[in-house]
Amino acid sequence: MKNEWPLWEIFIRGQHGMSHRHVGSLHAPDAEMAIKNARDVYTRRNEGVSIWVVEANHIAASSPGDKGPLYEPSESKVYRHPTFFDIPEEVGAM
Amino acid sequence: MYAQMVKSEATQDDPEKLAAFQARIDRGEKIEPKDWMPEGYRKTLIRQIGQHAHSEIVGQLPEGNWITRAPTLERKAILLAKVQDEAGHGLYLYCAAETLGVSRDELTEMLLDGRMKYSSIFNYPTLNWADIGAVGWLVDGAAIMNQVPLQRTSFGPYSRAMIRVCKEESFHQRQGYDAIRKMAEGTPEQKKMAQDALNRLWFPSLMMFGPSDKDSVHSEQSMAWKIKMNTNDELRQKFVDQTVPQIEFLGLELPDPGIKWNEERGHYDYTDPDWSEFFDVIKGNGPCNTDRLAARNNAWKDGAWVRDGLLAHAQKKAARKHAAE
Ligand SMILES: [Fe+2]
Ligand SMILES: [Fe+2]
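Residues numbered from 1 in each chain as written. Chains lettered and ligands numbered in written order. Predicted model: local features only at pLDDT ≥ 70, side-chain atom pairs only at ≥ 80, totals over all residues. Heavy atoms only, no water.

1. Side note on the overall build of chain B
Consideration 1: What chain B contains, in helices and strands, is 13 helices and two strands.
Consideration 2: Taken over 325 residues, chain B has a buried fraction of 51%.
Consideration 3: In the structure as shown, chain B presents an accessible area of about 15,100 Å², 55% of it carried by carbon and sulfur atoms. (Helix = DSSP H or I, 4+ residues; strand = E, 2+ residues; numbered from the N terminus. Buried < 20%, exposed > 50% of the residue type's maximum accessible area, 1.4 Å probe, protein only. Areas by Shrake-Rupley, 256 points an atom, 1.4 Å probe, with all protein chains shown as cover.)

Quick look at the structure:
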C-alpha cells in the first residue's frame, strides 16, 4: 500500500552445517533492518548462526502449471536410484 | 478460538475445478499460494488467519500490562520473552495471510477500524499478577488445543506458521502454570488471588472455542476445506478434560459447580458459558474493547513517523548507491 515496507524472504543456516533454509518472511525498510528483524523474529531460540535476506520481489519462482514438464521426466528414470540395481550379497557393502 | 466464528465465504467457481480442488485436500495435499483455489477458500482464510494474527498482537496488551510490575526479575524476563513470542506469532501469521493477496497495511487497517476481529478473550482485563499466571495457563492452554491440529491444515503457509507457533507455545502455558502454582502454594491471600483469577477467567477461556456446535453455522465448509480441524465443542471438551486435573493439583476449587466426571461419556460435564455475554463482547461491549483498540490505534499513529522515516532513509541510501554505480 501507500508506504508499506517491502517484504523480505528470510533464510537461516542452523548450527549443524546444513544449508540456509527458508524460514519465513517479514517487512523491513532495507536489508540491514531486515537482518535485524530476522534475528528477532526467527532466531529467538538459537535457531541459526547465519541469516540471508532477499527482497521478495527479486525471487523468481516456477509456477504450479509447470509441474508436468519440470518434474515428470525424472519419474521414469528409476535407474537413478541405487536400489534399482541388485548387488549379490557376496560382493559386500556397496 | 483465536479465530472465532469465521464466516466461510460462498464459492461460485467452476464445479469441475472445485471437485479437483477438494480431491487434492482429501488426498492430504497442501495448497500453496500460487495454486488455483476457490475464491471462498481464499477469502475465508484471509479472514481466519488475519483474525488469528490480530489476536496474537492484541493479546500482548493484557500481559504487557504486567511486565514492569512482575514480582521478580526472573518473572519479568520470562514474561517479556513470552510477550515477545506473541509478537512473533502475529508476524508469522500476517505473512501467511499476505501470501493470499492481502497487504499487511490492509490487514492492520481492518483491525484498527473494527472490520476485522480478534479473540474475545483479550477484551478481559488482567487485574493482578495471579491473572498473568491464569492467562498463560488457561488462555495459552486453550490456544494450544486449537493450534496443534491446525498444524495439519490444508493451506501450506498457514500450516508452517502453526508449526513454528506450536513449538513456542508450550513454554507459554508452563510458565503460566508455574506462576499460578507458586501463588496457590503461597500464603492464604495469594491462594485466594489464584482462586479468584481462575474463577474470573474460566468461562471467558471456554468462550474462546466459539459458540456451541448447534449454533455454529460456518463449520461445515471450513472443515471440508481443512481450515477448521475440529468442532468447537470437541475442542472445548478436550480443554475441560485436560484442565480439571490441573486445577485439582493446585488445590483450588473448581470454578464451575457443574463440573462432574461423567462415567458414561468418559468426559467431564461442565456448564456452558453465558453466550449472551460472549456475543456482547464480540459486538464491542466487553470490559476492555475500547482500551484495546485505542492502544492499537495509538501505536499505529505514533509509529507512523518511524515507519515513514526509515523508508525515506532507505530510499535515499538506495538512490545514492545507484548514482555512484
Ligand atoms: Fe501465540
Ligand atoms: Fe502463547
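2. With respect to the coordination of the iron ion (ligand 2)
All names here are of chain B.
Consideration 1: Note on the iron ion (ligand 2): its protein donors are Glu86 (OE), Asp140 (OD), Glu169 (OE) and His172 (ND1). The metal-donor distances range over 1.8 to 2.2 Å.
Consideration 2: Around the iron ion (ligand 2) sit four donor atoms, and with donor-metal-donor angles ranging over 85 to 168° the site reads as irregular.
Consideration 3: The sequence pattern formed by the donor residues of the iron ion (ligand 2) is E-x53-D-x28-E-x2-H.
Consideration 4: Between the iron ion (ligand 2) and the iron ion (ligand 1), the interatomic distance is 3.3 Å, and Glu86 donates to each metal, bridging them. In this pair, Glu86 is assigned in helix α4 (residues 73-98) and Glu169 in helix α7 (residues 156-184), connecting sequence segments 83 residues apart. In this pair, the class of Glu86 matches that of Glu169, namely buried. (Donors = N, O, S within 2.8 Å, 3.2 Å for Na, K, Ca; no water. Tetrahedral: all angles 85-135°; square planar, octahedral: opposite > 155°, others 65-115°.)

3. Considering the state of the cysteines
All names here are of chain B.
Consideration 1: The final tally for this structure, using the stated rule, is zero disulfides over all chains.
Consideration 2: The structure places no disulfide on Cys166, whose sulfur is separated from the nearest cysteine sulfur, that of Cys95, by 18 Å.
Consideration 3: Residue class for Cys166 comes out buried when judged on its relative accessible area of 16%. (Disulfide = S-S within 2.5 Å.)

4. A few points about the packing of α7 of chain B against helix α8 (residues 188-207) of chain B
Helix packing geometry: the angle between the two helix axes and the distance between the axes.
All names here are of chain B.
Consideration 1: At their nearest, the axes of α7 and α8 sit 7 Å apart, and the two run at 135° to each other. Comparing the axis directions of α7 and α8 gives the class oblique. Along the contact surface, α7 presents Ile180, Met183 and Ala184, while α8 presents Gln190, Lys191, Met193 and Ala194.
Consideration 2: Class assignment for the residues of the contact of α7 with α8 results in five nonpolar, one polar and one charged. (Axes fitted to C-alpha atoms, helices over the stretch in contact; angles between N-to-C directions. Parallel < 35°, antiparallel > 145°, perpendicular 65-115°, else oblique. Contact = heavy atoms within 4.5 Å. Nonpolar A, V, L, I, M, F, W, Y, C, P; charged D, E, K, R; others polar.)

5. A look at the nonpolar core
Residues and elements named next belong to chain B.
Consideration 1: Counting residues in hydrophobic clusters, the biggest one holds 45 residues, and the most contacted among them are Trp129, Trp137, Trp202 and Phe239.
Consideration 2: Elements supplying a minimum of two residues to this core: α4, α6 (129-150), α7, α8 and α10 (232-250).
Consideration 3: With eleven residues, α6 is the single largest residue contributor to this core.
Consideration 4: For Trp129, the contacting residues outside a window of four places in its chain are Trp66, Ala70, Pro71, Arg75, Leu79, Ala179, Met183 and Met193. (Core = buried A, V, L, I, M, F, W, Y, C linked by side-chain atoms within 4.5 Å.)

6. Section: the packing of helix α2 (residues 39-58) of chain B against α4 of chain B
All names here are of chain B.
Consideration 1: As a packed pair, α2 and α4 sit with axes 8 Å apart at the nearest point and diverge in direction by 160°. Here α2 is positioned roughly antiparallel relative to α4, judged by the angle of their axes. Seen from above, α2 lies across α4 with left-handed handedness. Where α2 abuts α4, its residues Ile49, His52, Ala53, His54, Glu56 and Ile57 lie against Glu86, Ala87, His89, Gly90, Leu93, Tyr94, Ala96 and Ala97.
Consideration 2: Per-class residue counts for the contact of α2 with α4 are eight nonpolar, four polar and two charged. (Left-handed = near helix turned anticlockwise from the far one by under 90°.)

7. Describing the packing of aromatic side chains
How two aromatic rings sit relative to each other is given by the distance of their centres and the angle of their planes.
Consideration 1: Going through the model one piece at a time under the given rule, you end up with 13 aromatic pairs over all chains.
Consideration 2: Between Tyr42 of chain A and Tyr92 of chain B the ring centres are 5.7 Å apart and the planes differ by 25°, which places this aromatic pair in the stacked class. Of this pair, Tyr42 of chain A sits in helix α1 (residues 31-42) while Tyr92 of chain B is found in helix α4, placing the two residues in two different chains. When sorted by exposure, Tyr42 of chain A lands in the same class as Tyr92 of chain B, which is buried.
Consideration 3: Counting every residue linked through ring pairs, the aromatic cluster contains Phe21, Trp36, Tyr41, Phe155 and Trp225 of chain B.
Consideration 4: Across from the ring centre of Tyr92 of chain B, 5.2 Å away, lies the NZ or CZ of Arg164 of chain B, which sits over that ring. (Phe/Tyr/Trp six-rings, centres within 6.5 Å; stacked < 30°, edge-to-face > 60°. Lys NZ or Arg CZ within 6 Å of the ring centre and 35° of its normal.)

8. A few points about the sheet that holds strand β3 (residues 50-55) of chain A
All names here are of chain A.
Consideration 1: With antiparallel pairing, the three strands of this open sheet are ordered in space as β2-β1-β3. The open sheet is flanked by β2 (21-27) and β3, the only strands paired with a single partner. Each adjacent strand pair in this sheet contributes to an overall mean axis angle of 30°, direction not counted.
Consideration 2: The pairing of strand β1 (residues 7-13) with β3 spans six bridges and is classified as antiparallel. Paired with Ile12 across the strands is Ile51, a residue of β3. (Pairing = 2+ DSSP bridges.)

9. Topic: the pattern of salt bridges
Consideration 1: Considering all chains together, one arrives at 24 salt bridges over all chains under this definition.
Consideration 2: In this structure, Arg44 of chain A and Asp85 of chain B form a salt bridge, with 2.7 Å as the shortest nitrogen-oxygen distance. Highlighted residues: Arg44 of chain A in the loop between α1 and β3 and Asp85 of chain B in helix α4, drawn from two different chains. Here Arg44 of chain A and Asp85 of chain B have matching classes, each one buried. (Salt bridge = Lys/Arg side-chain N within 4 Å of Asp/Glu carboxyl O.)

10. Re the interface of chain A and chain B
The figure often quoted for interface size is the accessible area lost as the parts come together.
Consideration 1: With 26 residues of chain A in contact, the opposing surface of chain B contributes 25 residues.
Consideration 2: Buried area between chain A and chain B, both sides added, is near 2,100 Å², and the carbon and sulfur share of it is 51%.
Consideration 3: Among the secondary structure elements, those contributing two or more residues to the side of chain A that touches chain B are β2 and α1 of chain A.
Consideration 4: In terms of residues, the side of chain A that touches chain B owes the most to one element, α1 of chain A, which gives five residues. (Buried area = accessible area lost by both parts, 1.4 Å probe.)

11. Details of the layout of surface pockets
Consideration 1: Taken as a whole, the largest pocket spans an internal volume of roughly 1,200 Å³.
Consideration 2: Lining the largest pocket are 40 residues, with Glu9, His22, Val23 and Gly24 of chain A together with Arg160 of chain B sitting closest to its centre.
Consideration 3: Contributions of two or more residues to the lining of the largest pocket are made by β1, β2 and α2 (67-75) of chain A together with α4 and α7 of chain B.
Consideration 4: For the lining of the largest pocket, the leading source of residues is α7 of chain B, giving seven residues.
Consideration 5: Split into classes, the residues belonging to the lining of the largest pocket amount to 18 nonpolar, eight polar and 14 charged.
Consideration 6: Contributing to the lining of the second largest pocket are 32 residues, with Trp5 of chain A together with Leu91, Arg104, Trp300 and Arg307 of chain B lying nearest its centre.
Consideration 7: Secondary-structure elements contributing two or more residues to the lining of the second largest pocket are β2 and α1 of chain A together with α4, α5 (104-112), α12 (289-302) and α13 (304-324) of chain B. (1 Å grid on protein atoms, 1.4 Å probe; cavity = no way out; pocket = protein on both sides within 12 Å on 5 of 7 lines; lining within 4 Å. Points joined across faces, edges and corners; volume = space filled by probe spheres on them.)

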